[in-house]
Amino acid sequence: MAIYYIQHRQDSKIGAGTGSDPFNGNEFDYAITEIKKQQGYDVPVTIKIGEGVFPTIGFAPAKNWTIRGKGMRKTTLKLKNVESHSFHHPDVYIISTAWYGGADPAWAENIIVSDMTLNCNWLGQSEKHTKYVKFAGVHALCTKGIVERVRVINWGSNGVEGFHNEVFPITLGTYSDEGTHVLIQDCIVEKQFQYQGGYGTAINVVTTQPDAGDRIPWNTRKSRAALVRRNKAYGIYGHGFGCGHTENAVFENNVAIDSKSGFNCDTGLNRNVEFRRNAFVHCVQGIHSGNMWGGGFANFLIEDNDFHVTEKWLNVWSDPKVSEHSYGVRLGGNTKGFRVRRNSFKCLKNPKTLAEGSYGVGTASDSDIGFEFTDNEFVGFTDEVVLKAPVHL
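Along each chain, residue indices are assigned from 1 in the same order as the chain's sequence is written. Restriction of local features to residues with pLDDT of at least 70 applies here, the model being predicted, together with a cutoff of 80 or more for giving and counting side-chain atom pairs; totals for whole chains, interfaces and linings are based on all residues. Side-chain descriptors were evaluated using all non-hydrogen atoms of the structure, hydrogens and water having been removed beforehand.

**Student:** What's the story with the pairing of strand S24 (residues 279-283) in this structure? I'm lost.
**Tutor:** Along a regular strand, successive side chains alternate from one face of the sheet to the other. If DSSP finds at least two bridges between two strands, the strands pair. In this description a helix means any DSSP run of H or I spanning at least four residues, a strand means any run of E spanning at least two, and both kinds are numbered starting from the N terminus. When strand S21 (residues 255-257) meets S24, the two strands line up parallel, connected through three bridges. Following the sheet pairing, Ala-256 is matched in S24 by Phe-280. Pairing of S24 with strand S27 (residues 306-309) involves four bridges; the strand directions are parallel. Bridging from a neighbouring strand, Val-281 pairs with His-308 of S27.

Printed below as a string of structure tokens:
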């Protein structure tokens, strides 16, 4: 394995990337390009980045790269104003596998990103109000991927074009096979920006590629495909956590605070997703899953979580403006086999009437097939109807 070092230097030399002669951190993008020239795309490479702030236009790792900083609060990669020239435009990332058809790999074999802050520099981006353009931290399609102890700040998107306004600050995707796996742990996502309704899902996983890449058929995988644990998402206009096109994933010991929803899954076929010991604090909705217009959502286990739901929320960006009611768990359609056990639902502001809408659990009329609701606790709910969950939308 090749090892390279990038650090801030006392002199102005470019450096050679060794421990005694590291690449100059002020020329971070040159260093990344030089490593690719020297090692190609297949050789396993570890890049060790020192303390400080390192300006970059963003980059696509090779197939087997490990990229490590000195610590979440010590090493920062800060995105320059990339205008419209990002390698992954209009979905602008600091670290990302490339678009298909480019010189850099669109898929990684093994990628690890750890121990750093990714500053997307929203206020410094001249394209931040341009439709479709988004700014985020790390994205990878990979056989095996790990993102750990990474903080993403100053990220965001705009809502100028309604169907292209969701951004994913940390997202890993893989394909369906018994040997693939993605892990996101001990990360923080905060300091979101948005323009005209742009929103995001802070930490997201995808574990199947139905159109290209799956090695085994849907509903046959036995091994765990994704683990998301001990992460924190603060103040998310959108969702703290999410998944889509996902099977065999576990979300445990995560925290979403002051967010529109703690978790969302509304895209593609999804099965065998577990939630254990998560806390959704001061969120309008805790967990939302389902889609009335398509997809599939089966065999979800929601166990031993804390839901602290707020009062209903007015979505000022919808046309017309609509109020979104509060739920601990909300099932929106095409769901079956949901098991909700031993959770605590706390209403932070008591609803005056059921019609004003602050509910414990809600299901759409076709979404309670095999629904199990046992040993859950309600605190602060005053309406007797709410206590007789599930409540139909």
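That covers the picture; the talk isn't over yet.
**Student:** Whenever I open this one, the side chain of Thr-46 confuses me. Can you help?
**Tutor:** One can find Thr-46 in strand S3 (residues 45-49). Throughout, a contact is declared for two residues whenever any of their heavy atoms are within 4.5 Å. Here Thr-46 is in contact with Met-1, Ala-2, Ile-3, Tyr-4 and Thr-66, once residues within four sequence places are set aside.

**Student:** Would you mind going over unusual backbone geometry with me for this structure?
**Tutor:** In terms of backbone geometry, most residues other than glycine have negative phi values and most peptide bonds are trans. Here the amide bond leading from His-89 into Pro-90 is cis, since omega sits at 5°, within 30 degrees of zero. If you trace the backbone, Pro-90 turns up in the loop between strand S6 (75-79) and strand S7 (91-96). Its identity is not glycine, yet Gln-196 carries a phi of approximately 50°, on the positive side. Of note, Gln-196 is situated in the loop between strand S15 (192-195) and strand S16 (199-206). A simple rule labels every residue: compare its accessible area, found with a 1.4 Å probe on the protein chains alone, to the largest value its type can have, and call it buried under 20%, exposed over 50%, or partly exposed in between. Taking relative accessible area as the criterion, Gln-196 reaches 38% and is therefore assigned partly exposed. With phi around 60°, Arg-230 is a residue other than glycine that occupies positive phi space. Here Arg-230 shows up in the loop between strand S17 (226-229) and strand S18 (232-234).

**Student:** So what exactly am I meant to see when it comes to the packing of aromatic side chains here?
**Tutor:** Ring geometry is summarised as follows: Phe, Tyr and Trp rings, the Trp one being its six-membered ring, pair when their centres sit within 6.5 Å, and such pairs are stacked at plane angles under 30 degrees, edge-to-face over 60 and tilted between the two. Following the criterion strictly, the structure yields 17 aromatic pairs and no others. For the pair Phe-28 and Phe-54, a centre-to-centre distance of 6.1 Å together with 55° between the ring planes defines the contact as tilted. Residue Phe-28 is located in helix H1 (residues 28-39), and its partner Phe-54 is located in strand S4 (residues 52-56); the two are separated by 26 residues in the primary sequence. For Phe-54, a relative accessible area of 0% puts it in the buried group. Ring pairs connect the aromatic residues Phe-251, Phe-263, Phe-275, Phe-300 and Phe-338, which therefore count as one cluster. One Lys or Arg, Arg-271, reaches over the ring of Trp-218 and ends 5.6 Å from the middle of that ring. Two conditions define a charge located above a ring, namely a distance within 6 Å from the ring centre to NZ of Lys or CZ of Arg, and an angle within 35 degrees of the ring normal.

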